[in-house]
Amino acid sequence: MMKKLAVLGIVAFAIASILILPQKGEAVVTSNASTTTSATVAVYIAIQLSPTLQTGIVFSNLQQGTTDNNADGNNYGSGGTDYWINVSSDTNVNVDYCIKADGPLTSGSNTIALSNYYFANSTTTDANTPSLSAKKAFTTSYQKMDTGLDNTQNEYLRFWLDVPAGQAPGTYENTVYFQAVEAGQNCVD
Amino acid sequence: MKKTLIFLAVFLAFLSTCRAQTLGIGYLTTSEEVTAGEVICIEYGIGNPSDKPVYAYLDTLGDLKNYTYSVPEPELIPAHTMYAGKNLEGLVVQKICFLVEEFPEDKCPAWHIKGGVYPKATEVGGVNQTGSKVISSVVAPLELIVKPPWSEWRSIGKGVLCGDYKCPINQECLVRENICGQKEYKCAFVQRQQIPIILIIVPLAGIGIGIGIYFRRKK
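Everything numeric in this text was worked out from a predicted model, so none of it was measured.

### Notes on the overall build of chain A
Scanning chain A for helices and strands turns up 2 helices and 14 strands. Looking at the 189 residues of chain A, the share that counts as buried comes to 36%. Taking the contacts inside chain A whose residues are at least 6 apart along the sequence as the reference set, 78% of them involve residues at least 24 apart.

### A word on the overall build of chain B
Looking only at helices and strands, chain B features 1 helix and 16 strands. Residues counted as buried form 30% of the 219 residues belonging to chain B. Taking the contacts inside chain B whose residues are at least 6 apart along the sequence as the reference set, 68% of them involve residues at least 24 apart.

### Side note on the confidence of the model for chain B
Residue and element names in this part refer to chain B. Across chain B, the average pLDDT comes to 85, with 84% of residues at or above 70. Counting interchain partners and residues more than four positions distant, the pLDDT-below-50 stretch residues 1-18 has 21 contacts. The ipTM for the predicted assembly is 0.78, set against a pTM of 0.76.

### Brief notes about the sheet that holds strand 7 (residues 75-77) of chain B
All names here are of chain B. Spatial strand order, 3-11-9-5-7: 5 strands in an open sheet with mixed pairing. At either end of the open sheet lies a strand with only one pairing partner, and these are strand 3 (31-35) and strand 7. Pairs of neighbouring strands in the sheet enclose a mean axial angle of 40°, with direction left out of account. Both strand 9 (residues 111-121) and strand 11 (residues 140-147) contribute to a ladder of 7 bridges, which runs antiparallel. The partner of Gly116 across the bridge, within strand 11, is Pro141.

### Details of the nonpolar core
Among the nonpolar cores identified, the biggest contains 71 residues, and Tyr97 of chain A together with Leu23, Ile25, Tyr44, Ile46, Val138 and Ala140 of chain B are the most heavily contacted of them. Each residue touching Leu23 of chain B, except ones within four places of it in the same chain, is listed here: Ala46 of chain A together with Ile46, Gly47, Asn48, Val54, Ala56, Ile77, Pro119, Ala121 and Val138 of chain B.

### Here we look at the pairing of strand 6 (residues 83-87) of chain A
Residues and elements named next belong to chain A. Counting buried positions over the 5 residues of strand 6 gives 5, a clear majority of the element. Every second residue of strand 6 is oriented toward a common face, with Tyr83, Ile85 and Val87 on one face and Trp84 and Asn86 on the other, all of them buried. Pairing geometry for strand 2 (residues 43-49) and strand 6, over 3 bridges, is antiparallel. Paired with Leu49 across the bridge in strand 6 is Ile85.

### A short note on the environment of Tyr27 of chain B
Mapped onto the fold, Tyr27 of chain B is located in strand 2 (residues 24-27). For the pair Tyr27 of chain B and Tyr44 of chain B, spaced 17 residues apart in the sequence, the C-alpha separation amounts to 5.2 Å. Among residues more than four places away in sequence, those in contact with Tyr27 of chain B are Ala42 and Val43 of chain A together with Tyr44 and Ala140 of chain B.

### Examining the confidence of the model for chain A
Confidence in the prediction of chain A, expressed as mean pLDDT, is 86, and 78% of residues score 70 or more. Ignoring residues within four places in sequence, the model shows residues 20-32 of chain A, a span with pLDDT below 50, making 24 contacts including any to other chains.

### Describing the environment of Val175 of chain B
Residue and element names in this part refer to chain B. Position of Val175 among the secondary structure elements: in strand 15 (residues 171-177). Along the primary structure Val175 and Lys186 are separated by 11 residues, whereas in three dimensions their C-alpha atoms are 6.6 Å apart. Apart from the residues within four sequence positions on either side, Val175 is in contact with Arg154, Ile156, Lys183 and Tyr185.

Scoring rules and cut-offs
Residues numbered from 1 in each chain as written. Chains lettered and ligands numbered in written order. Predicted model: local features only at pLDDT ≥ 70, side-chain atom pairs only at ≥ 80, totals over all residues. Helix = DSSP H or I, 4+ residues; strand = E, 2+ residues; numbered from the N terminus. Buried ≥ 20, exposed ≤ 12 C-beta atoms within 10 Å, placed from the backbone. Contact = placed C-beta atoms within 7 Å. pLDDT = per-residue confidence, 0-100. Pairing = 2+ DSSP bridges. Axes fitted to C-alpha atoms, helices over the stretch in contact; angles between N-to-C directions. Core = buried A, V, L, I, M, F, W, Y, C linked by C-beta atoms within 7 Å.

What follows is the structure in structure tokens.
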């Protein structure tokens with residue numbers, strides 16, 4: 001009797017194995033397969049600041065209660081400005097320029113508000129261009145200057161500063177940011 | 001105090017060591033699609049049109065700042081590193097990575113995160129007189145289009161409507177969902193794996209032996 005049961009057990013196990021094992025081997029194989037091929041031409045932008053602009057925007061010999069003080073490289077009324085930016089020759093798109101300041105000019109706890117600090121821009125320069133009459137006050141968010149410049153054009157700049165009457169003596173500093181982006185794009189703060 | 005007090009200022013002799021650096025950036029994309037929870041890395045090329053080598057690395061601006069996963073180490077960008085005119089050739093290539101860990105439901109169906117990538121010089125110029133330090137940058141705009149993560153594909157059977165159509169008779173319909181309530185369907189073959197021959201022979205042999213023993217005992 002025991003032998004019969006053993007034999008039946010082996011047979012049952014064998015049949016069960018045949019029926020069950022292939023079910024365990026079931027697998028889902030997806031039929032979707034795709035390849036995307038794309039070719040994109042790289043955009044390259046590089047700018048260079050003029051040697052004078054690289055060293056910063058400096059105002060010497062400021063006096064209290066004066067307006068429209070020229071930055072040292074302005075040469076306003078006497079020749080072209082020493083402040084300019086150009087696009088390097090390997091740049092392959094036109095560019096837009098933006099400008100902003102990080103905050104008021106500061107000396108310790110004293111400040112000169114940005115509403116007293118101006119710039120003007122132009123793609124040409126001479127004794128009167130960029131012009132004082134076209135000046136705009138700095139802000140802490142980017143303002144667009146000239147747009148769509150190619151690698152043969154320069155962006156010329158001049159800077160002026162008003163010093164309010166009674167302004168405490170000191171060395172006032174801030175940071176001015178220039179940004180170049182592909183023409184038509186927004187500058188990013 | 002005199003009304004015409006002069007603000008004294010002195011140029012530093014070493015102004016040349018404090019010059020603002022100018023760099024270039026090359027890019028192949030301004031928009032990338034990414035799934036929340038997955039890291040995406042994008043390559044940019046850095047150029048240097050100046051006469052002076054500069055240490056620089058890629059950094060981000062705008063809303064992308066909050067989702068920057070890793071920025072490269074500062075790397076020397078040799079003087080006169082120029083774009084060779086094809087892909088990013090000629091430039092020093094660096095990779096910057098982004099990760100949006102979670103997808104908020106109120107951003108459905110896709111979350112657009114905007115900003116820019118730019119080469120940041122480790123050396124920043126300065127003035128020591130009334131005026132401004134100058135920092136210039138060239139920025140590659142970048143928009144990440146973030147999609148919510150999908151669930152795993154699951155089968156909803158054969159012969160059922162699979163999105164807008166029915167699958168072929170030998171395929172099953174699979175579906176996956178996301179938190180925006182979107183569903184994607186696809187048809188898939190359900191393939192049975194090849195069963196090793198030994199898994200067939202051994203049970204069959206067992207049956208044969210069992211039957212043989214049974215009949216021999218019966219005799």
